[in-house]
Amino acid sequence: GDKGILRYRGYPIEQLAETSTYLEVVYLLLHGELPTQTELENFTEEVRDQTELPDGVERFIATFSPDAKPTGMLQAAAASLGSCYPEARQIDSEEIRRQQIVRLIAQMPILAALCARHKMGLKFLPPDKSLTHTGNFLSMVFNRSEGPYVPHPVLERAMEVLLILHADHEQNCSTSTVRMVG
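Residues numbered from 1 in each chain as written. Predicted model: local features only at pLDDT ≥ 70, side-chain atom pairs only at ≥ 80, totals over all residues. Heavy atoms only, no water.

Draft legend 1. Structural context of the nonpolar core. Among the nonpolar cores identified, the biggest contains 20 residues, and L53, V57, L111 and L114 are the most heavily contacted of them. Those elements that provide at least two residues to this core are α4 (57–62), α5 (70–81), α6 (94–120) and α7 (133–142). Ranked by the residues each element gives to this core, the list is headed by α6, at five residues. The next biggest cluster of nonpolar side chains, apart from the first, holds 17 residues, and it includes Y27, L40, V102 and I105. (Core = buried A, V, L, I, M, F, W, Y, C linked by side-chain atoms within 4.5 Å. Buried < 20%, exposed > 50% of the residue type's maximum accessible area, 1.4 Å probe, protein only. Helix = DSSP H or I, 4+ residues; strand = E, 2+ residues; numbered from the N terminus.)

See below:
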């Protein structure tokens, strides 16, 4: 806040940015503690298992004009996911809520990459499950060939840190406003 200190669940952001991956921080935000190696491997696999977009989402994005605002396309695409998973209406089920959370974590980078590639006039590249979560996003956005993509380690780490810094807004003014309106 006023002191310029940013923490996620008690962990200083500097520590997380230096030593953690984005998915470790996501796990921390969901569970309150950083994961053990086994917990991280299980969570990473759970996220990887949800990286297939529902039928029709790619066609839906293709209906937008290439000069459409990317955030508008992304908002619409994310909203469309709600109609693809009817079980998501079972908001009292903790298991289904968790499944929806994991789906969003897995599919938002894919939607963002799909919107970016549409805007650039490029064909969509499906996720590469051999890459890290962040490396996969970079591949889907920047790969200009249909062959394997190896993200530059410095770029991949920079993207990890960027995602970590934006993973939680705590209770700043805009977050407070959205929560109050909601």
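Draft legend 2. Fine view of the packing of helix α3 (residues 37–48) against α6. One can describe the packing of α3 onto α6 by two numbers: an axis separation of 8 Å at closest approach and a directional angle of 75 degrees. By the criterion of interaxial angle, the relationship of α3 to α6 is roughly perpendicular. For the pair formed by α3 and α6, the contact residues are F43, E46 and V47 on the first element and R98, V102, I105 and A106 on the second. For the contact of α3 with α6, the class distribution of residues is five nonpolar, no polar and two charged. (Axes fitted to C-alpha atoms, helices over the stretch in contact; angles between N-to-C directions. Parallel < 35°, antiparallel > 145°, perpendicular 65-115°, else oblique. Contact = heavy atoms within 4.5 Å. Nonpolar A, V, L, I, M, F, W, Y, C, P; charged D, E, K, R; others polar.)

Draft legend 3. Quick peek at the side chain of T134. Counting through the fold element by element, T134 comes out in helix α7. A relative accessible area of 1% places T134 in the buried class. Within polar-contact distance, the side chain of T134 engages the side chain of E160 at 3.0 Å. What T134 contacts, discounting residues up to four positions off in sequence, is Y22, E156, M159, E160 and L163. (Polar contact = N/O pair within 3.5 Å; in protein donor to acceptor, adjacent residues only side chain to side chain.)

Draft legend 4. Region of interest: the pattern of salt bridges. A complete count under the given rule lists three salt bridges for this structure. Here R48 makes a salt bridge to E45, at a shortest N to O gap of 3.8 Å. Taken together, the residues R48 and E45, both in helix α3 and three residues apart, mark about one turn of the helix. Note on E45: relative accessible area 39%, which makes it partly exposed. The salt bridge involving R98 is made with E46; its shortest N-O contact spans 2.7 Å. Residue R98 is found in helix α6, and its partner E46 is found in helix α3; the two are separated by 52 residues along the sequence. When its relative accessible area of 27% is taken as the criterion, R98 is described as partly exposed. (Salt bridge = Lys/Arg side-chain N within 4 Å of Asp/Glu carboxyl O.)

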